[in-house]
Amino acid sequence: MKIAIVGATGMVGTVLLKVLEERKFLITELLPVASERSVGRELLFNGKLHKVIGLQEAVDAKADIAIFSAGGETSLKWAPKFAAAGTTVIDNSSAWRMDQDKKLIVPEINAHLLTKKDKIIANPNCSTIQLVMVLAPLHKKYKMRRVLVSTYQSVSGTGVHAVQQLENETKGIKGAMAYPYPIHRNAIPHCDVFEANGYTKEEMKLAREPQKILDDRTFSISATAVRIPTSGGHSESVNVEFHNDFDLKDVRNILKDTQGIVVQDNPATNTYPMPIYAHDKDDVFVGRIRRDETQENTLNMWIVSDNLRKGAATNAVQIAEYLVVNRLV
């Protein structure tokens, strides 16, 4: 496979290269791609140095797969050019997620929908992926009616400038601000830009993307997204109302038997998911599983995942693996 990584020098791009190495993805030629200011830099991959190239050079190289993690504007402009050259694009940005002609894929849930005709494939939002990983098997059994989710999202979801802001503030250093307020010792209920309805773009991604992934508009999701001063890993408090009643033991067993999910749920030993445990892991962790005693058929859960891995890089690589194994590229 000839593989292009667009945005190879960024936070997610760096993790993409790490995940490709770890999973021993068969690559005959790696094309690290970045903006003009990074062209010529060398990146280490599988013990060899690879020169960063520009976007047009990468298009001309006709890679089998290009994994994009370079922002929505770059994806909107360049993904169709790669696709026209015969390259299958897996895009990490929000540019194509709600396009009715593009598939939004979490491999464990809906990779079977992919065909050779899919030349631009959308990777869901990081918060969506960990949420839908847990919701999907429960929805299949109990049918969701309504979901309320509050997120506790790390600064790495914003990017390297936000990580630097947190590090500076922790050390008492004044520096550039990625957020309109300090993030150290703070919680900011503002992820992405506000839309006309008063919700942020991040909150609306959480409302819309699971419906597309599960191909079901019969349930609704309302979200509040909050940025907290952790450097990695997103957490979610989730309340799910089902049409059908459930047994907590069955819920735990369903989740334990789901690929990619780890149940950490034992109040007696203070066992529950935390970002510090999820760091650098590909699984989605779920705990604090309990019945909502104020409403029938309703469940509370706490979900945690590494937003740069399963929330971005690993999910994209899993899509690429599926394409290769099933000879779709």
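Structure report, in brief. Please read these numbers as outputs of a predicted model, since none were measured by experiment. Numbering of residues begins from 1 in every chain and follows the order in which that chain's sequence is written. Since the coordinates come from a predicted model, pLDDT governs what is reported: local features require at least 70, and pairs of side-chain atoms require 80 or more to be given and counted, while whole-chain, interface and lining totals use all residues. Water and hydrogen atoms were dropped before computing side-chain values, which therefore reflect all heavy atoms in the structure.

1. Some thoughts on the overall build of the chain
1) Next: A count of helical and extended segments in the chain gives 10 helices and 14 strands.
2) Next: Both definitions apply: the radius of gyration is a C-alpha atom measure, and the globule rule equals 2.2 Å times residues to the power 0.38. Taken over C-alpha atoms, the radius of gyration comes to 20 Å for the chain, in line with the 20 Å a tight globule of 329 residues would show.
3) Next: The principal-axis extents of the C-alpha atoms in the chain amount to approximately 60 × 50 × 40 Å.
4) Next: Each residue is assigned to one of three classes by its accessible area relative to the maximum for its type, calculated with a 1.4 Å probe on protein chains only: buried under 20%, partly exposed between the two thresholds, exposed over 50%. When the 329 residues of the chain are sorted by exposure, 53% land in the buried category.
5) Next: In the chain, the share of contacts with a sequence separation of at least 24, taken over all contacts with a separation of at least 6, comes to 67%.
6) Next: As displayed, the chain offers around 15,400 Å² of accessible surface, 50% of which is attributable to carbon and sulfur atoms.
7) Next: For the purpose of charge, His is not counted, nor are the chain termini; Lys and Arg are scored as positive and Asp and Glu as negative. Charge coordinates come from a single atom per side chain, which is NZ of Lys, CZ of Arg, CG of Asp or CD of Glu. Charge-centre separation for the chain: the mean point of 41 positive side chains lies 2 Å from the mean point of 38 negative side chains. In this description a helix means any DSSP run of H or I spanning at least four residues, a strand means any run of E spanning at least two, and both kinds are numbered starting from the N terminus. In what follows, residue pairs with any heavy atoms lying within 4.5 Å of each other are defined as contacts. To measure how exposed things are, a 1.4 Å probe is used in the Shrake-Rupley method; for residues, cover is taken only from the protein chains shown.

2. What to know about the side chain of Lys-102
1) Next: With respect to the element layout, Lys-102 can be found in the loop between β6 (88-91) and β7 (103-104).
2) Next: Lys-102 has contacts with Trp-96, Ile-120 and Lys-212, leaving out every residue within four places of it along the chain.

3. Side note on the sheet that holds β6
1) Next: Taken in spatial order, the 6 strands line up as β2-β1-β5-β6-β8-β7 in an open sheet, and their pairing is parallel. This sheet does not close on itself; its edge strands, each paired only once, are β2 (29-33) and β7.
2) Next: Pairing of strand β1 (residues 2-6) with β2, which is carried by 5 bridges, proceeds in the parallel orientation. When the sheet's bridge partners are listed, Ala-4 is paired in β2 with Leu-31.
3) Next: Those strands touched by helix α1 (residues 11-22) are β1, β2 and β5 (65-68), and its axis lies near 155° from that of β1. Here, any two strands with at least 2 DSSP bridges between them count as paired. Angles shown run from 0 to 180 degrees and are taken between the N-to-C directions of axes, each axis being a line fitted to C-alpha atoms and, for helices, limited to the stretch in contact.

4. Points about the layout of surface pockets
Where empty space is left can be seen by rolling a probe of water-molecule size over the atoms.
1) Next: Throughout, the protein atoms alone are placed on a 1 Å grid, and a set of points is a cavity if a 1.4 Å probe fits but cannot get out or a pocket if it is open with protein on both sides within 12 Å along at least five of seven lines; lining residues have an atom within 4 Å of a point. Grid points are joined across faces, edges and corners, and a volume is the space filled by probe spheres set on the points. Estimates place the volume of the second largest pocket at around 350 Å³.
2) Next: Lining the second largest pocket are 17 residues, with Glu-108, Ile-109, Ala-136, Pro-137 and Lys-140 sitting closest to its centre.
3) Next: Where the lining of the second largest pocket is concerned, the elements lending two or more residues are α4 (107-110) and α5 (126-142).
4) Next: Tallying contributions element by element places α5 first for the lining of the second largest pocket, with 5 residues.
5) Next: For the lining of the second largest pocket, the class distribution of residues is 8 nonpolar, 5 polar and 4 charged. Here the term charged refers only to Asp, Glu, Lys and Arg, the term nonpolar to Ala, Val, Leu, Ile, Met, Phe, Trp, Tyr, Cys and Pro, and the term polar to all other amino acids, Gly among them.

5. Topic: the environment of Ile-221
1) Next: Take Ile-221: it is sitting in strand β10 (residues 220-227).
2) Next: Judged by its relative accessible area of 10%, Ile-221 is buried.
3) Next: Sequence spacing of Ile-221 and Thr-269 is 48 residues, and the spatial spacing of their C-alpha atoms is 32 Å.
4) Next: Not counting residues within four places of it along the chain, the set of residues in contact with Ile-221 comprises Leu-131, Val-147, Val-149, Leu-206, Ala-207 and Pro-210.

6. Overview of the side chain of Glu-209
1) Next: Position of Glu-209 among the secondary structure elements: in helix α7 (residues 201-213).
2) Next: Classification of Glu-209 by relative accessible area gives buried; the value is 2%.

7. Things to note about the sheet that holds strand β13 (residues 284-291)
1) Next: Spatially, 6 strands are ordered β10-β9-β11-β14-β13-β12 in an open sheet, and the strand pairing comes out mixed. Edge positions in the sheet fall to β10 and β12 (261-263), since each has one partner strand and no second. If you compare each strand with its neighbour and ignore which way they point, the axes differ by 20° on average.
2) Next: Bridge analysis of strand β9 (residues 144-153) against β10 gives 8 bridges, and the strand direction is parallel.

8. Here we look at a nonpolar patch on the surface
1) Next: A contiguous nonpolar patch, built from Tyr-272, Met-274, Ile-276 and Tyr-277 and spanning about 390 Å² of accessible area, is present on the exposed surface.
2) Next: Mapped onto the elements of the fold, Met-274 is located in the loop between β12 and α9 (275-278). Patch definition: residues with relative accessible area over 30% and no salt bridge; like charges joined within 9 Å; nonpolar side chains (Val, Leu, Ile, Met, Phe, Trp, Tyr) joined within 5 Å. Salt bridges are defined by distance alone: a side-chain nitrogen of Lys or Arg within 4 Å of a carboxyl oxygen of Asp or Glu.

9. What to know about the packing of α5 against α7
1) Next: Where α5 meets α7, the axes come as close as 9 Å, and the angle between the chain directions of the two elements is 45°. Comparing the axis directions of α5 and α7 gives the class oblique. The handedness of the crossing between α5 and α7 is right-handed. Taking contact as the criterion, the partners of Ser-127, Thr-128, Leu-131 and Val-132 in α5 are, on α7, Glu-202, Lys-205, Leu-206, Glu-209, Pro-210 and Ile-213.
2) Next: Here the residues of the contact of α5 with α7 sort into 5 nonpolar, 2 polar and 3 charged. Each angle is binned into one of four classes, with values under 35 degrees roughly parallel, values over 145 roughly antiparallel, values of 65 to 115 roughly perpendicular, and all other values oblique. Left-handed describes a crossing whose near helix is turned anticlockwise from the far helix by less than a right angle; the clockwise case is right-handed.

10. Things to note about the nonpolar core
Most often, soluble globular proteins keep nonpolar side chains buried together rather than apart.
1) Next: As used here, the term nonpolar core means buried Ala, Val, Leu, Ile, Met, Phe, Trp, Tyr and Cys residues forming a set that is joined through side-chain atoms within 4.5 Å. In this structure, Phe-82, Val-134, Leu-138, Val-238, Leu-255, Val-286 and Met-301 are the most contacted members of the largest nonpolar core, which totals 54 residues.
2) Next: Look past the residues within four positions of Leu-138 in its chain and what remains in contact with it is Lys-143, Phe-242, Val-251, Ile-254, Leu-255, Leu-299 and Met-301.
3) Next: Judged by nonpolar contacts, the second largest core, of 32 residues, contains Leu-17, Ile-121, Ile-319 and Leu-323.

11. Some remarks on the pattern of salt bridges
1) Next: Across all of its chains, the model carries 19 salt bridges by this definition.
2) Next: As a salt-bridge pair, Lys-205 and Glu-202 come within 3.8 Å of each other at their nearest N and O atoms. In this pair, Lys-205 and Glu-202 are both assigned in helix α7, 3 residues apart and thus about one turn of the helix distant.
3) Next: We note a salt bridge from Arg-309 to Asp-280, for which the minimum N-O separation is 3.3 Å. Taken together, the positions of Arg-309 in helix α10 (residues 309-325) and Asp-280 in the loop between α9 and β13 put the pair 29 residues apart, joining distant regions of the chain.
4) Next: Taking the relative accessible area as the measure of exposure, Asp-280 reaches 35% and is therefore partly exposed.
5) Next: Here the residues in one salt-bridge network are Lys-18, Glu-22, Arg-23, Asp-280, Asp-282, Arg-309 and Glu-321, joined through shared partners.

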